[in-house]
Number of protein chains: 2
Amino acid sequence: MADRVTICECFARDGLQHEETFVPTEVKIDLIGAFAAAGFTRIEATSYSHPERVPAFRDAGAVLAGLPRPAGVAYKATCPNPRAVERAIADLDAGHGATELSLLVSATESHTERNMRTTRARQWERVAEMVRLAAGRFRLVGVISVAFGCPFEGAVDPGVVADDAARFADLGVDLVTLGDTTGLATPTSVKGMFRRVTERISTTGAQAPPIVAHFHNTRGGGLANCVAALEAGCRDFDSSLGGVGGHPAQIQYGGGMTGNVCTEDLVNLLESEGVDTGLDLDAVMAASRRCEEALGRPLHSMVARAGFGLVGGKTEEKVAHDA
Amino acid sequence: MADRVTICECFARDGLQHEETFVPTEVKIDLIGAFAAAGFTRIEATSYSHPERVPAFRDAGAVLAGLPRPAGVAYKATCPNPRAVERAIADLDAGHGATELSLLVSATESHTERNMRTTRARQWERVAEMVRLAAGRFRLVGVISVAFGCPFEGAVDPGVVADDAARFADLGVDLVTLGDTTGLATPTSVKGMFRRVTERISTTGAQAPPIVAHFHNTRGGGLANCVAALEAGCRDFDSSLGGVGGHPAQIQYGGGMTGNVCTEDLVNLLESEGVDTGLDLDAVMAASRRCEEALGRPLHSMVARAGFGLVGGKTEEKVAHDA
């Protein structure tokens, strides 16, 4: 197993994206500060999506301006289009920019049309333009959505995903993220995809960027897929405290059910396996509680209820004929 | 990966054990009938625990008497002590017995004391007595609780678990179940334990019984551990529709949060991996809904909310800048 992994805490962007109630800017800033204090070195802070389209992030610049800036902590902002990168650059020029930008493509035309309102060809032109605009000023994260299955088209050709990853590598991005947008990955498909993507990138001659596992727990298999990714050599994971966010199908179908892998549960699993997350577990749990307070409801982490379960720790629990 | 696995549906016993509201006998009978109709060939139906200690099963005999008896379906009842086996035999003699009996030990003294109110030495004497009483009339399932960690003692010596499994094999039980009672197993400990138990049993000269994975999702890792067990050769799993039951710590800490692996999510994962569960997926989902109706609340399965996610299927979902 691995010695050390990096978890990017996604609560403040992917987590809040579909919340119906606007979380005040100062609360976001406090939460992100708590994430940094817990030891997260990569934090998804906001999105430069159009404020009318995704009003949860209409305060993108104000959030970034208010964040503490401890050494070694990177703040990521999502950029769907060149206009978003221009806003990111303006904030950077004003002294309060993001450290990383996510650039998004989807592996299928249908999802690109619904998510981006454009075609894959056009989106790749936009991505190239975004990379040109951002050049040298940010760490860039190339994100491939619906990499393991599409809600509209079903199965996704892994060759398309591998080609997309190689294209991001050719463009010089620093990380490539494989998104299981609607929870269709399996441990076997994860291992196969990591192998295929890694091999395909190696043919480009480009510097091979680390591959990030961005898995949703839509159907309960998120952690199983994270384990598969770990076994396939992955050392970078995205997750969200309380498991909020992910994909809005869950909001439609489940009244607040959600998609992201729960950070608390992922940290528990990794640390139980002897993998070092670099996190302060008490501070992670404190941040977890603050996320629940911010949204005013219990969220989806099991570890938030049961506590970390590192063997050797002991809890007092009543029992009665349990197996 | 495997061709075929057997899932024992545990809703009606492990699932209902800690419910505060008594589920009427006729509802239990209807639910168990729905499980059989969905294709479950092993169903945990009730427990012969003392009716005052576990009142949820005060109707054990009546439930078994009312069940449909389709060919190939085994009904399991839990037996904590010889008196329970005597009750099981009386019901069998009356023409409406269980097909399988679970015989319980715990891997630690502390859990044995709390769960069984006795010592491990005394419980093993009881188990031998129960096997003698039951001889030849039931399939016997030897269950080892807290096999992967104890809420009172912390780490559990895998050698003790392997010795317990070998002892069950020596006694001639038909299956041995490894219980991760409070969600302390990890994929690595699961693989190590299956290897160790299998090797240890092989030294006894006894017929090697299949090993059943009975994992709780206390900390979110239940499915990841099931995948590890599958990879270790396990072909028998316990789970509960809606993930109810498991370990009461969850009831204390989480207001209805729970421990069992959700059957719906396990079935989705296995079938997505091309593993044949032998189940009718539509009927599984119908049974899932009936379990929620019976308890009058949404339960914990993600698949119950999101639907089965077999790639190739398509669902209509709104999207907005998801990764």
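These numbers come from a predicted model, not from an experiment.

1. A short note on the side chain of Glu 19 of chain A
Residues and elements named next belong to chain A. Considering the arrangement of structural elements, one finds Glu 19 in the loop between helix H1 (11–15) and helix H2 (25–38). Taking the relative accessible area as the measure of exposure, Glu 19 reaches 18% and is therefore buried. A distance of 2.8 Å separates polar atoms of two side chains, one belonging to Glu 19 and the other to Arg 297. Setting aside residues up to four positions removed in sequence, Glu 19 forms contacts with Leu 295 and Arg 297.

2. Observations concerning the sheet that holds strand E2 (residues 42–47) of chain A
Residues and elements named next belong to chain A. One closed barrel accounts for 8 strands, arranged E1-E2-E3-E4-E5-E6-E7-E8; its pairing is parallel. Taking each pair of neighbouring strands and ignoring which way they run, the sheet shows an average axis angle of 25 degrees. Sheet topology note: the strand E1 (residues 6–9)/E2 ladder contains 2 bridges and is parallel. Counterpart to Glu 9 in the pairing with E2 is Ile 43. With respect to the sheet, helix H6 (residues 120–134) is in contact with strand E3 (74–79), strand E4 (100–106) and strand E5 (139–145), its orientation differing from that of E4 by roughly 165 degrees.

3. As for helix H9 (residues 222–231) of chain A
Residues and elements named next belong to chain A. Where burial is concerned, most of H9 is hidden: 9 out of the 10 residues are buried. Among the residues of H9, those classed as buried are Gly 222, Leu 223, Ala 224, Asn 225, Cys 226, Val 227, Ala 228, Ala 229 and Leu 230. Gly 233 lies just past H9 and shows a positive phi near 105 degrees.

4. A closer look at the pairing of strand E4 (residues 100–106) of chain B
Residue and element names in this part refer to chain B. A large share of E4 lies buried, amounting to 7 of its 7 residues. In E4, alternate side chains face the same way, and those of Glu 100, Ser 102, Leu 104 and Ser 106 on one face and Leu 101, Leu 103 and Val 105 on the other are all buried. Read from strand E3 (residues 74–79) through helix H4 (residues 82–93) to E4, the crossover connection turns out right-handed. Direction of pairing for E4 relative to strand E5 (residues 139–145): parallel, over a ladder of 7 bridges. In the strand pairing of E5, Leu 101 is matched with Leu 140.

5. Section: the pairing of strand E7 (residues 211–215) of chain B
Residue and element names in this part refer to chain B. Across the 5 residues of E7, 5 count as buried, placing the element largely inside the fold. Burial along E7 is two-sided: the residues Ile 211, Ala 213 and Phe 215 and Val 212 and His 214 are all buried. Relative to E7, strand E6 (residues 175–180) runs parallel, the two sharing 5 bridges. Looking at E7, one finds that Gly 179 is bridged to His 214. By the bridge criterion, 3 bridges tie E7 to strand E8 (residues 236–239) in an arrangement that is parallel. If you follow Val 212 over to E8, its bridge partner there is Asp 236. What joins E7 to E8 is helix H9 (residues 222–231), and the crossover it makes is right-handed.

6. Here's the deal with the packing of aromatic side chains
Each pair of aromatic rings is reported with the distance of its centres and the angle of its planes. On inspection of all chains with the given rule, the structure shows 6 aromatic pairs over all chains. Aromatic pair Phe 148 of chain A and Phe 215 of chain A: ring centres 5.7 Å apart, planes at 85 degrees, arrangement edge-to-face. Residue Phe 148 of chain A is located in the loop between E5 and helix H7 (158–170), and its partner Phe 215 of chain A is located in strand E7 (residues 211–215); the two are separated by 67 residues in the primary sequence. Phe 148 of chain A sits in the buried class, given a relative accessible area of 7%. Take Phe 215 of chain A: its relative accessible area is 0%, and that puts it in the buried class. On the numbers, 4.7 Å between centres and 55 degrees between planes, the contact of Trp 124 of chain B with Phe 168 of chain B is tilted. Taken together, the residues Trp 124 of chain B in helix H6 (residues 120–134) and Phe 168 of chain B in helix H7 (residues 158–170) connect sequence positions 44 residues apart. The two residues Trp 124 of chain B and Phe 168 of chain B agree in class, both being buried.

About the thresholds
Residues numbered from 1 in each chain as written. Chains lettered and ligands numbered in written order. Predicted model: local features only at pLDDT ≥ 70, side-chain atom pairs only at ≥ 80, totals over all residues. Heavy atoms only, no water. Helix = DSSP H or I, 4+ residues; strand = E, 2+ residues; numbered from the N terminus. Buried < 20%, exposed > 50% of the residue type's maximum accessible area, 1.4 Å probe, protein only. Polar contact = N/O pair within 3.5 Å; in protein donor to acceptor, adjacent residues only side chain to side chain. Contact = heavy atoms within 4.5 Å. Pairing = 2+ DSSP bridges. Axes fitted to C-alpha atoms, helices over the stretch in contact; angles between N-to-C directions. Right-handed = clockwise from strand over helix to strand, strands pointing away. Phe/Tyr/Trp six-rings, centres within 6.5 Å; stacked < 30°, edge-to-face > 60°.

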